[in-house]
Amino acid sequence: MFRFILTKLGVLIPTFLGVTLIAFSFIRMLPGDPIELLAGERGVTPERHAELMANLGFDRPIWEQYFSFLWGILHGDLGVSFMSRQPVLEEFLTRFPATVELAGCAIIFAALIGLPAGIIAAVKRGSAFDHTLMGISLTGYSMPIFWWGLLLIILFSATLGWTPVSGRLSALFWIEQDTGFMLIDAFFSDEEGAFKSAVSHLILPTIVLGTIPLAIIARQTRSAMLEVLGEDYVRTARAKGLSSFRVIGIHALRNALITVVTVIGLQVGVLLAGAILTETIFSWPGIGKWMIDSIFRRDYFAVQGGIVLIASIVMMVNLFVDFMYGLINPRILHRR
Amino acid sequence: MSLLEIRNLSVEFETAHGLFRAVDGVDLEIDQGEMVAIVGESGSGKSVSMLALMGLLPWTAKITADRMNFDGQDLLTISQKERRKIIGKDISMIFQEPMTSLNPCFTVGYQIMEVIREHLGGTKKELKKRAIELLGLVGIPSPETRLRAFPHQMSGGMNQRVMIAMMIACNPRVLIADEPTTALDVTIQAQILELLGELQKKQGMAMVLITHDMGVVAETAEVVNVQYAGQQVERQDVKGLFNAPRHPYTHALLNALPERATSKRLPSIPGVVPGLLDRPTGCLFNPRCKFATDKCRSDAPDLHSKVLCHYPLEDGMPTNNHPGVSVAEGNS
Ligand SMILES: Nc1ncnc2c1ncn2[C@@H]1O[C@H](COP(=O)(O)OP(=O)(O)O)[C@@H](O)[C@H]1O
Ligand SMILES: [Mg+2]
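Only a predicted model underlies this, so the values are computations on that prediction, with no experimental measurement involved. (Residues numbered from 1 in each chain as written. Chains lettered and ligands numbered in written order. Predicted model: local features only at pLDDT ≥ 70, side-chain atom pairs only at ≥ 80, totals over all residues. Heavy atoms only, no water.)

(A) View of unusual backbone geometry. Residue and element names in this part refer to chain B. In this structure, serine 142 takes a positive phi of about 40° despite not being glycine. Of note, the phi angle at asparagine 321 is positive, near 60°, even though the residue is not glycine. Tracing the backbone shows asparagine 321 in the segment after strand E15 (317-318). (Helix = DSSP H or I, 4+ residues; strand = E, 2+ residues; numbered from the N terminus.)

(B) Here's a closer look at the layout of surface pockets. The computed volume of the largest pocket comes to approximately 1,300 Å³. In terms of lining, the largest pocket is formed by 43 residues, of which the most central are A:Arg238, B:Leu56, B:Leu57, B:Pro58 and B:Trp59. Elements with a minimum of two residues in the lining of the largest pocket: helix H5 (88-123), helix H9 (194-229), helix H10 (232-239) and helix H11 (244-281) of chain A together with helix H1 (46-54), strand E4 (61-64) and helix H2 (80-86) of chain B. Top contributing element to the lining of the largest pocket by residue count: H1(B), with five residues. Its residues assigned to classes, the lining of the largest pocket comprises 24 nonpolar, nine polar and ten charged. The wall of the second largest pocket is formed by 23 residues, among which B:His212, B:Asp213, B:Met214, B:Leu257 and B:Pro258 lie closest to the centre. (1 Å grid on protein atoms, 1.4 Å probe; cavity = no way out; pocket = protein on both sides within 12 Å on 5 of 7 lines; lining within 4 Å. Points joined across faces, edges and corners; volume = space filled by probe spheres on them. Nonpolar A, V, L, I, M, F, W, Y, C, P; charged D, E, K, R; others polar.)

(C) Representation of a nonpolar patch on the surface in the model. Residues and elements named next belong to chain A. Taken together, Ile184, Phe187, Phe188, Phe195, Val199 and Ile203 make up a surface patch of nonpolar side chains, about 560 Å² in accessible area. Contributing elements (two or more residues each) for the nonpolar patch: helix H8 (182-188) and H9. Within the secondary structure, phenylalanine 195 is located in helix H9. (Patch = residues over 30% accessible without salt bridge, like charges linked within 9 Å, V, L, I, M, F, W, Y side chains within 5 Å. Areas by Shrake-Rupley, 256 points an atom, 1.4 Å probe, with all protein chains shown as cover. Salt bridge = Lys/Arg side-chain N within 4 Å of Asp/Glu carboxyl O.)

(D) Representation of empty space enclosed by the protein within the structure. Residues and elements named next belong to chain B. For the structure shown, the criterion picks out two cavities of 30 Å³ or more. Counted as a void, the largest cavity has a volume near 70 Å³. Every residue lining the largest cavity is counted, 13 residues in all, and those nearest its centre are Pro248, Cys283, Cys289, Cys296 and Cys309. Here the residues of the lining of the largest cavity sort into ten nonpolar, three polar and no charged. Approximately 30 Å³ is the volume found for the second largest cavity.

(E) Region of the structure containing the site of ligand 1. Residues and elements named next belong to chain B. Taken together, Phe13, Phe20, Ala22, Glu41, Ser42, Gly43, Ser44, Gly45, Lys46, Ser47, Val48 and Pro58 form the complete shell of residues around ligand 1. For ligand 1, an oxygen atom lies 3.0 Å from a polar atom in the backbone of serine 44. Lysine 46 is positioned with one of its side-chain polar atoms (N or O) 2.9 Å from an oxygen atom of ligand 1. When ligand 1 sits alone it has 560 Å² of accessible area, and the protein chains cover 67% of it. Of all the secondary-structure elements, those providing two or more residues to the shell around ligand 1 are strand E2 (18-30) and H1. (Near = heavy atom within 4 Å. Polar contact = N/O pair within 3.5 Å; in protein donor to acceptor, adjacent residues only side chain to side chain.)

(F) Just the environment of A:Thr132, in detail. Structurally, A:Thr132 is set in helix H6 (residues 128-141). Through-space distance from the C-alpha of A:Thr132 to that of A:Ala121 is 9.2 Å; in sequence the pair is eleven residues apart.

(G) Seen up close, the packing of aromatic side chains. Applying the stated criterion across every chain yields a total of 15 aromatic pairs over all chains. Ring plane angle 35° and centroid distance 5.6 Å describe the contact between A:Phe58 and A:Phe301, whose orientation is recorded as tilted. Residue A:Phe58 is found in the loop between helix H3 (46-55) and helix H4 (62-74), and its partner A:Phe301 is found in helix H13 (residues 300-328); the two are separated by 243 residues along the sequence. You can call A:Phe58 buried: its relative accessible area is 13%. Counting every residue linked through ring pairs, the aromatic cluster contains A:Phe24, A:Tyr66, A:Phe67 and A:Phe69. Over the face of the ring belonging to A:Phe24 we find A:Arg28, whose NZ or CZ atom lies 3.8 Å from the ring centre. Taking NZ or CZ as reference, A:Arg235 lies 4.1 Å from the ring centre of B:Phe95, over its face. (Phe/Tyr/Trp six-rings, centres within 6.5 Å; stacked < 30°, edge-to-face > 60°. Buried < 20%, exposed > 50% of the residue type's maximum accessible area, 1.4 Å probe, protein only. Lys NZ or Arg CZ within 6 Å of the ring centre and 35° of its normal.)

(H) Up close: the interface of chain A and chain B. Taken together, the contact between chain A and chain B spans 22 residues of the former and 31 residues of the latter. Here chain A is connected to chain B by two salt bridges. In this structure, A:Arg246 and B:Glu114 form a salt bridge, with 2.8 Å as the shortest nitrogen-oxygen distance. Across the contact surface, chain A and chain B share 13 residue pairs in polar contact (both at pLDDT 80 or more). Mapped onto the side of chain A that touches chain B, the elements with two or more residues apiece are H10, H11 and helix H14 (330-333) of chain A. Per-element accounting of the side of chain A that touches chain B gives the leading share, seven residues, to H11(A). (Contact = heavy atoms within 4.5 Å.)

(I) Structural detail: the pairing of strand E10 (residues 223-228) of chain B. All names here are of chain B. Of all six residues in E10, five are buried; the element is thus mostly enclosed. As paired elements, strand E3 (residues 35-39) and E10 share four bridges and run parallel to each other. Looking at E10, one finds that isoleucine 38 is bridged to asparagine 225. Where E10 folds back on strand E11 (residues 231-237), the antiparallel hairpin that results is connected by two residues, among which alanine 229 adopts a positive phi of roughly 50°. (Pairing = 2+ DSSP bridges.)

(J) Quick look at the domain arrangement of chain B. Residues and elements named next belong to chain B. Under the domain assignment, chain B is made up of domain 1 (34-60 + 81-226) and domain 2 (245-331). The C-alpha-based centres of domain 1 and domain 2 are spaced at 33 Å. Facing ten residues of domain 1, the contacting portion of domain 2 comprises eight residues. For the domain 1 and domain 2 pair, buried surface summed over both sides reaches about 680 Å², with 67% attributable to carbon and sulfur atoms. Counting the contacts that link domain 1 with domain 2 gives one salt bridge. We note a salt bridge from arginine 288 to glutamate 41, for which the minimum N-O separation is 2.9 Å. Of the residues in the side of domain 1 that touches domain 2, the class split is three nonpolar, five polar and two charged. (Domains from an automatic or database assignment. Buried area = accessible area lost by both parts, 1.4 Å probe.)

Okay, structure coming up:
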């Protein structure tokens with residue numbers, strides 16, 4: 001266990017430093033700076049520009065800025081958002097629940113459909129269902145998120161009028177944000193219909209964000225199940241006279257899940273990347289949309305801090321998945 | 001009527017190269033307390049024929065038989081659901097690879113108790129008591145603690161004992177042991193065979209022992225079926241088989257026994273069992289038979305008094321007007 005953590009840290013620390021470097025330089029490589037963008041078409045005199053940049057500390061040598069960024073990270077200080085004048089960490093934390101809610105619904109949606117679909121495809125390998133599912137999942141996997149989102153909006157929101165186009169809740173309601181999770185807050189609020197509104201706002205973004213993970217989970221479940229179904233112990237389970245449900249749903253699935261759970265866990269990175277686009281399409285007030293807005297405003301501190309936070313979360317989740325892999329795999333957990 | 005009776009069982013697999021007949025006209029008859037051995041080299045269709053009986057072959061397999069009866073029930077027409085009530089309970093099977101035949105994700109105790117619960121039921125406490133009793137019966141030390149062990153925490157021999165415990169848990173009337181010792185160390189092999197023999201006597205089970213080892217047969221079985229390339233080439237009681245083998249293949253198998261060897265090298269029959277693509281015409285054994293004639297190369301033999309040969313042996317020499325040993329230069 002100790003060695004496991006040590007080797008992981010040996011990889012994580014350099015990765016983390018790399019992320020800080022990329023986050024720091026990426027936003028500075030874009031043309032324009034925060035003052036120019038704020039001034040907009042009115043423009044700003046060079047003297048005033050230099051003065052304002054100096055106020056923000058952007059006149060210091062670039063390496064000094066980078067090290068003060070690192071120094072800040074070590075002390076849990078990511079600076080202050082230039083636009084909102086709020087600490088970046090605080091900004092991030094207020095928006096984070098919205099993204100978690102969306103990503104969580106997307107992954108649940110993907111797993112609820114992808115797991116059974118993959119299992120059925122494996123059991124009925126070579127059937128029409130199998131071929132159809134694999135075809136659809138290949139399409140889903142290569143679906144451009146932006147195009148897919150707009151398509152769904154046009155169909156379900158614009159044409160059919162079934163779902164709202166943007167946001168997390170209808171403007172008719174006012175909900176106290178106790179947990180930050182709209183589904184929970186709306187459920188416990190006194191506002192009638194708020195929960196229904198929250199759900200209907202979630203549907204399309206969930207589908208859009210969940211499509212790629214759904215395709216991946218279905219394919220991986222299918223291939224993991226196919227492999228496991230050919231194993232000797234599955235034949236033993238049959239030889240015991242067990243029902244198909246026990247043979248497939250208990251003996252085979254339990255083994256297939258070792259790989260599938262890992263695959264699902266590794267989708268978190270894919271989800272957060274997808275969330276940036278999805279949140280932009282649906283004006284979902286999460287960290288994805290916040291990142292895009294901050295990039296457009298050249299909000300240096302918000303962007304670099306946001307990227308570092310997102311990357312840290314992905315790394316932590318991956319670490320957790322590694323750890324879980326050991327937990328659900330008896331061959332690793334109970335070594336001889 | 002026998003407890004288990006199989007007549008003219010054939011199994012064909014759909015493969016990319018067309019139909020492949022892995023089992024071709026096999027008979028089996030076994031009664032309470034009897035021990036029948038099925039012998040033959042690897043690839044002779046021994047496993048496939050017994051898996052067909054158990055209903056464990058993949059859907060690519062087409063099974064035909066004139067009869068397949070167990071205790072008055074017709075296994076050919078039985079539904080999946082009814083078959084599941086029989087296999088694992090009245091007819092059960094032990095496999096060749098103990099290390100991969102147990103589920104790595106569940107404890108030994110779980111896997112044993114599961115089969116008892118499925119067929120006989122019982123409270124958790126009863127199941128556990130029975131599982132401990134079974135582990136003791138198959139000679140596993142400190143059964144209470146072993147109950148919580150995972151298969152990978154134990155040796156191959158121990159796993160095979162667990163497998164045996166699991167498969168005799170519901171007191172089966174027929175136990176099929178498919179090369180139960182092939183994957184194990186030589187020292188363990190004898191122990192496992194001894195255990196199986198003891199259990200068979202104690203429980204009065206009928207037992208089908210699949211093996212490619214004639215030496216094992218001599219010590220255990222009463223009746224022997226010799227199988228080659230899916231066909232049953234000879235059936236005899238064990239004494240007759242060892243004293244007067246009638247099929248050249250049986251003869252060759254016996255000559256390949258280490259204790260009968262004349263040279264230092266471990267003897268074996270030259271060549272291999274034909275697979276899907278190299279099936280000869282005529283008798284399937286002819287390319288490896290030292291008595292093969294032109295007739296053997298062109299015509300498939302019929303069963304002559306339980307021997308599938310044009311020229312059944314007598315005292316090691318072919319009968320039935322064999323054109324003479326001079327023709328029979330073995331082609332290797
Ligand atoms: N599922 C299958 N599909 C196609 N051929 C198979 C399948 N299972 C077994 N066979 C073939 O059937 C033949 C007999 O196999 P098997 O019964 O395992 O031999 P044995 O147990 O006597 O060593 C072999 O040639 C094997 O390749
Ligand atoms: Mg075999």
